[in-house]
Amino acid sequence: MKTALLAVLLFISFAPALRAQGAPPQGSPDKPYVMEFYYKVAWGHQKEFLDLFLKNHFPLLREIEKSGRILALKIETPANHMTEDSRWDFRVTITYKNSTLATTSNPDEETLMKKLYPDQSTYQKEEQRRFEILLAHWDLPVSDVTPAIK
């Protein structure tokens, strides 16, 4: 009984510190919401991946940008190499109009894909290939914690 009580008391005393360790919250629902998408590609296939990304996914993102769901879009690659465990080859940073649009599916996406890629068979094969050479992919919401200048 004493051990359980001690555990509860310790948890309560450390709970505020544990909450402070987490990521800062994203801004309000009506503010822009930033997501970074990282891609780690099999060695020797970076150009093939980028070519397929620019052909089959980037135009879709541009169309979504025209609709206003996306405010800004950027593709980057590191200038120098990293260790294999921390390596990524491409980062796509997307600023969405708000968190709701960033975290819910786009009802127009299927229609846009069919409009942009009428040859769906080729599109599906190329997208499959893009993901075959992809070793890892992760999405990271980014919070701006820059203090306001007073």
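The rules behind each value
- Residues numbered from 1 in each chain as written.
- Predicted model: local features only at pLDDT ≥ 70, side-chain atom pairs only at ≥ 80, totals over all residues.
- Heavy atoms only, no water.
- Salt bridge = Lys/Arg side-chain N within 4 Å of Asp/Glu carboxyl O.
- Helix = DSSP H or I, 4+ residues; strand = E, 2+ residues; numbered from the N terminus.
- Buried < 20%, exposed > 50% of the residue type's maximum accessible area, 1.4 Å probe, protein only.
- Pairing = 2+ DSSP bridges.
- Axes fitted to C-alpha atoms, helices over the stretch in contact; angles between N-to-C directions.
- Polar contact = N/O pair within 3.5 Å; in protein donor to acceptor, adjacent residues only side chain to side chain.
- Contact = heavy atoms within 4.5 Å.
- Core = buried A, V, L, I, M, F, W, Y, C linked by side-chain atoms within 4.5 Å.
- 1 Å grid on protein atoms, 1.4 Å probe; cavity = no way out; pocket = protein on both sides within 12 Å on 5 of 7 lines; lining within 4 Å.
- Points joined across faces, edges and corners; volume = space filled by probe spheres on them.
- Nonpolar A, V, L, I, M, F, W, Y, C, P; charged D, E, K, R; others polar.

Re the pattern of salt bridges
Turning to step 1, where the next piece is worked out: All told, the structure shown has 13 salt bridges when counted by the stated rule.
Turning to step 2, where the next piece is worked out: Between glutamate 76 and arginine 91 there is a salt bridge, and its shortest N-O distance comes to 2.9 Å. Here the residue glutamate 76 occupies a position in strand S2 (residues 70-76), and arginine 91 occupies one in strand S3 (residues 90-96), the gap between them amounting to 15 residues.
Turning to step 3, where the next piece is worked out: Put simply, glutamate 127 and arginine 130 hold a salt bridge, and the shortest N to O gap is 2.7 Å. Of this pair, glutamate 127 and arginine 130 both sit in helix H6 (residues 120-132), three residues apart, which is roughly one turn of that helix. Summarising the burial analysis for this pair, glutamate 127 and arginine 130 share the class buried.
Turning to step 4, where the next piece is worked out: When salt bridges that share partners are traced, they join Lys40, Glu84, Arg87 and Asp89 into one network.

Concerning the sheet that holds S3
Turning to step 1, where the next piece is worked out: What the four strands build is an open sheet, ordered S2-S3-S1-S4; its pairing is antiparallel. In this open sheet, the two strands that pair with only one neighbour each are S2 and strand S4 (134-142). Looking at each pair of strands side by side, their axes are set apart by 15° on average, direction ignored.
Turning to step 2, where the next piece is worked out: Here strand S1 (residues 33-41) runs beside S4; their pairing, made up of eight bridges, is antiparallel. Residue pairing for S4: glutamate 36 is matched across the bridge by leucine 140.

Re the side chain of glutamate 63
Turning to step 1, where the next piece is worked out: Locating glutamate 63 in the fold gives a position in helix H3 (residues 58-67).
Turning to step 2, where the next piece is worked out: Residue classification places glutamate 63 among the buried positions, given a relative accessible area of 17%.
Turning to step 3, where the next piece is worked out: A distance of 3.0 Å separates polar atoms of two side chains, one belonging to glutamate 63 and the other to lysine 66.
Turning to step 4, where the next piece is worked out: Beyond its immediate chain neighbours, meaning those up to four positions away, glutamate 63 contacts Leu112, Lys115 and Leu116.

What to know about the nonpolar core
Turning to step 1, where the next piece is worked out: Ranked by size, the top nonpolar core spans 24 residues in total, and within it Tyr39, Phe49, Ile94 and Tyr96 carry the most contacts.
Turning to step 2, where the next piece is worked out: Listing elements by their share of this core, those giving two or more residues are S1, helix H2 (46-56), H3, S2, S3 and helix H5 (109-116).
Turning to step 3, where the next piece is worked out: Top contributing element to this core by residue count: S1, with five residues.
Turning to step 4, where the next piece is worked out: With residues up to four places along the chain from it excluded, the contact list for tyrosine 39 reads Phe49, Phe53, Trp88, Asp89, Phe90, Val92, Arg130, Leu134, Ala136 and His137.

Regarding the layout of surface pockets
Turning to step 1, where the next piece is worked out: Estimated volume of the largest pocket: approximately 390 Å³.
Turning to step 2, where the next piece is worked out: If you trace the largest pocket, you find 23 residues lining it, with Phe37, His57, Leu61, Tyr96 and Glu109 closest to the centre.
Turning to step 3, where the next piece is worked out: At four residues, the largest contribution of residues to the lining of the largest pocket is made by H6.
Turning to step 4, where the next piece is worked out: For the lining of the largest pocket, a count of residues per class yields 14 nonpolar, five polar and four charged.

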